Amino acid sequence: MTNIYIFKKKDLYYGFEMEGHADFSEENDILCASLSVLSINTPNAIEKICSIDSNDMDLEVGDGYLRMMLDIESLDEFKIRDVQTIMKTFEVGIISLKEEYNKYIEIYYKEV
């Protein structure tokens, strides 16, 4: 089971945490691969598109674990807009996977 926590304050996304292995399949786990791509692509996209250095992200990566948090208040309005778009894209992706593989994914929202 993969648990995904999306951190928000009002309508702003601040980050996410993903933990656990999907365990959909013992071989070629397409669900685990899909979740990994979404979780790794999100901070990479924020770094490249928003020009936010990865050292300015609170980023923690481990086996079956990724946590990314941003200090949204320190960003200008254009970077905030772009970060929000990337985070919403991440959310759309995981919601789509949950609809298809419901018993392997849980999504939670936490107020920060």
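Residues numbered from 1 in each chain as written. Predicted model: local features only at pLDDT ≥ 70, side-chain atom pairs only at ≥ 80, totals over all residues. Heavy atoms only, no water.

Visitor: Describe the overall build of the chain, listing the residues and the values that go with them.
Guide: Of regular secondary structure, the chain possesses two helices and five strands. Starting at the N terminus and walking to the C terminus, you meet the elements of the chain as β-β-α-β-β-α-β. For 112 residues, the compact-globule estimate of 2.2 N^0.38 gives 13 Å, and the chain sits close to it at 14 Å. If you line up the chain on its principal axes, its C-alpha atoms span 45 × 25 × 20 Å. Sorting the 112 residues of the chain into buried and exposed places 40% on the buried side. Long-range pairs, those at least 24 residues apart, make up 61% of the contacts in the chain between residues at least 6 apart in sequence. With the model as given, the accessible surface of the chain reaches about 6700 Å², and the carbon-plus-sulfur share is 49%. (Helix = DSSP H or I, 4+ residues; strand = E, 2+ residues; numbered from the N terminus. Rg over C-alpha atoms; globule rule 2.2 N^0.38 Å. Buried < 20%, exposed > 50% of the residue type's maximum accessible area, 1.4 Å probe, protein only. Contact = heavy atoms within 4.5 Å. Areas by Shrake-Rupley, 256 points an atom, 1.4 Å probe, with all protein chains shown as cover.)

Visitor: Let's hear about the pairing of strand 3 (residues 58–62): which residues, and what values?
Guide: Bridging between strand 3 and strand 4 (residues 65–69) involves five bridges; their strand directions are antiparallel. Bridge pairing in strand 4 links Asp-58 to Met-69. As consecutive antiparallel partners, strand 3 and strand 4 are separated by two residues, and within that stretch Gly-64 has a phi angle of approximately 70 degrees, a positive value. (Pairing = 2+ DSSP bridges.)

Visitor: So what's going on with the pairing of strand 4? Residues and values would help.
Guide: Relative to strand 4, strand 2 (residues 12–19) is paired through five bridges, and the arrangement is antiparallel. Opposite Phe-16, over in strand 4, you have Met-68 as the bridge partner.

Visitor: Before we move on, could you go through the packing of helix 1 (residues 30–50) against helix 2 (residues 77–100) and cite the residues and values that matter?
Guide: Closest axis-to-axis distance for the helix 1/helix 2 pair is 10 Å, and the angle between their directions is 175 degrees. The angle between the axes of helix 1 and helix 2 places the two elements in the roughly antiparallel class. In this structure, helix 1 uses Leu-31, Ser-34, Leu-35, Leu-38, Ser-39, Thr-42, Ala-45, Ile-46, Ile-49 and Cys-50 to contact helix 2, whose residues at the interface are Lys-79, Asp-82, Val-83, Ile-86, Met-87, Phe-90, Gly-93, Ile-94 and Leu-97. Among the residues making up the contact of helix 1 with helix 2, the classes are represented as 13 nonpolar, four polar and two charged. (Axes fitted to C-alpha atoms, helices over the stretch in contact; angles between N-to-C directions. Parallel < 35°, antiparallel > 145°, perpendicular 65-115°, else oblique. Nonpolar A, V, L, I, M, F, W, Y, C, P; charged D, E, K, R; others polar.)

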